[in-house]
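Okay, here's what each chain looks like letter by letter:
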Amino acid sequence: MEKSKKAKDGFLLLVALLIAATALFAFGWLANEMLEGDTQKFDDFVRNAVHRHAAPGLTWFMQGFSFLGSVAVITTLCVLAIAVFLYFRQARTAALRAMAMVGMAALDVSLKLAFHRPRPVAYFGPTPTTYSFPSGHAMGSVCFYGVLAAILAARASGRGAKWCIWMGAVLLIGLIGYSRIYLGVHYPSDVIAGYCAGAVWVGAVGFLSKIRTNGHKEEKEEVDRGKHG
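As a convention, each chain's residues are numbered from 1 in the sequence order in which they are written. With pLDDT at 70 or above as the cut-off, local features in this predicted model cover only qualifying residues; side-chain atom pairs require 80 or more to be listed or tallied, and sums for whole chains, interfaces and linings still use all residues. To obtain the side-chain values, all non-hydrogen atoms of the structure were included, while hydrogens and water were left out.

*Asks:* Explain the packing of helix α5 (residues 91–115) against helix α6 (residues 136–155) to me, please; I cannot follow it from the model alone.
*Replies:* How two helices pack is summed up by the angle between their axes together with the distance between the axes. To get an axis, fit a line to the C-alpha atoms, keeping to the stretch in contact for a helix; angles then go from 0 to 180 degrees between the N-to-C directions. Where helices and strands are cited, they refer to DSSP runs of H or I of at least four residues and of E of at least two residues respectively, numbered from the N terminus. One way to put it is that α5 packs onto α6 with a least axis distance of 9 Å and a crossing angle of 165°. By the criterion of interaxial angle, the relationship of α5 to α6 is roughly antiparallel. In this structure, the crossing between α5 and α6 has a hand that is right-handed. Where α5 approaches α6, its residues T93, R97, M101, M104, L107, D108, L111 and K112 are matched on the opposing element by G136, M139, G140, C143, F144, V147, L148, I151 and R155. Its residues assigned to classes, the contact of α5 with α6 shows 10 nonpolar, three polar and four charged. What sets the label is the angle itself: under 35 degrees gives roughly parallel, over 145 gives roughly antiparallel, 65 to 115 gives roughly perpendicular, and the rest give oblique. In this scheme the crossing of two helices becomes right-handed for a clockwise turn of the near helix relative to the far one and left-handed for an anticlockwise turn of less than a right angle. The criterion used for residue contact is that any of the two residues' heavy atoms lie within 4.5 Å. Side-chain classes follow a simple rule in which Ala, Val, Leu, Ile, Met, Phe, Trp, Tyr, Cys and Pro form the nonpolar group, Asp, Glu, Lys and Arg form the charged group, and the remainder, Gly included, forms the polar group.

As structure tokens, this is what we get:
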């Protein structure tokens, strides 16, 4: 039973690392294409195609999803989530949540300053004053809603519940990214890059957390063997 669990954990860790490595490669390629101006045709085509379907009701809907990916909302929800985890004495999970979001914020600022891509002119509302690449909304939604889904799915019983949690998270993350393109405050390549950067960061945090957990387990097993040895 213990060997089966270790094999499953190892497989999941390998899958996570492969996803993170793929996302890192995709981000690097996309950043290079963006710097050379090769994403402009793609960005303009997608922006125009999305904007053709604009309608007042849909605009209100997209503004709502954009709000769910804002710094204010994600920060508030993150603080609440950490408080809940601490209340249930899950300090390690709370620390993981805090580390993931603080690191994401620092990474977002660093990447924006590194690439300093000007924003497109917004279709609705004022154009943000920060740089455009990558999308902080997309990155933040992956890091918060994606990690939260992983935590909740791990505690859920039954495949149906796990499936609903993951599908809900994927749909929400997708709509947040789409809303940024719809509102015109980001290029599509910004959003894709944000997803990639978020996946890389989540993979890195998850990998370090798993290594640390395995290390603690091995230390505990050695102590137990010493007591009964």
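What follows continues from the structure just given.
*Asks:* Whenever I open this one, the nonpolar core confuses me. Can you help?
*Replies:* The tendency in soluble globular proteins is for nonpolar side chains to be buried side by side. If you look at the biggest cluster of nonpolar residues, it comprises 41 residues, and the most contacted ones within it are F27, M101, F115, F133 and Y145. Going through the elements one at a time, α1 (2–35), α2 (40–51), α3 (56–68), α4 (71–87), α5, α6, α7 (159–182) and α8 (188–228) are the ones with two or more residues in this core. Top contributing element to this core by residue count: α6, with eight residues. Ignoring sequence-local partners within four residues, the contact set of F133 consists of F27, A31, M34, L111, K112, F115, R117, S189, D190 and A193. Take the buried Ala, Val, Leu, Ile, Met, Phe, Trp, Tyr and Cys residues and link them wherever side-chain atoms come within 4.5 Å; each set so joined is a nonpolar core. Here the term buried applies to any residue with accessible area under 20% of the maximum for its type, exposed to any over 50%, and partly exposed to those in between, with areas from a 1.4 Å probe on protein chains only.

*Asks:* What exactly am I supposed to notice about the side chain of S135 here?
*Replies:* One can find S135 in the loop between α5 and α6. With a relative accessible area of 0%, S135 lands in the buried category. Pairs of N or O atoms are called polar contacts if they sit within 3.5 Å, as long as, within protein, a hydrogen donor faces a hydrogen acceptor (for residues adjacent in sequence, only side-chain-to-side-chain pairs). Reaching out from S135, the side chain makes a polar contact with the backbone nitrogen of H137 at a distance of 3.4 Å. When near neighbours in sequence (up to four residues on either side) are disregarded, S135 contacts K112, R180, H186, D190, V191 and G194.

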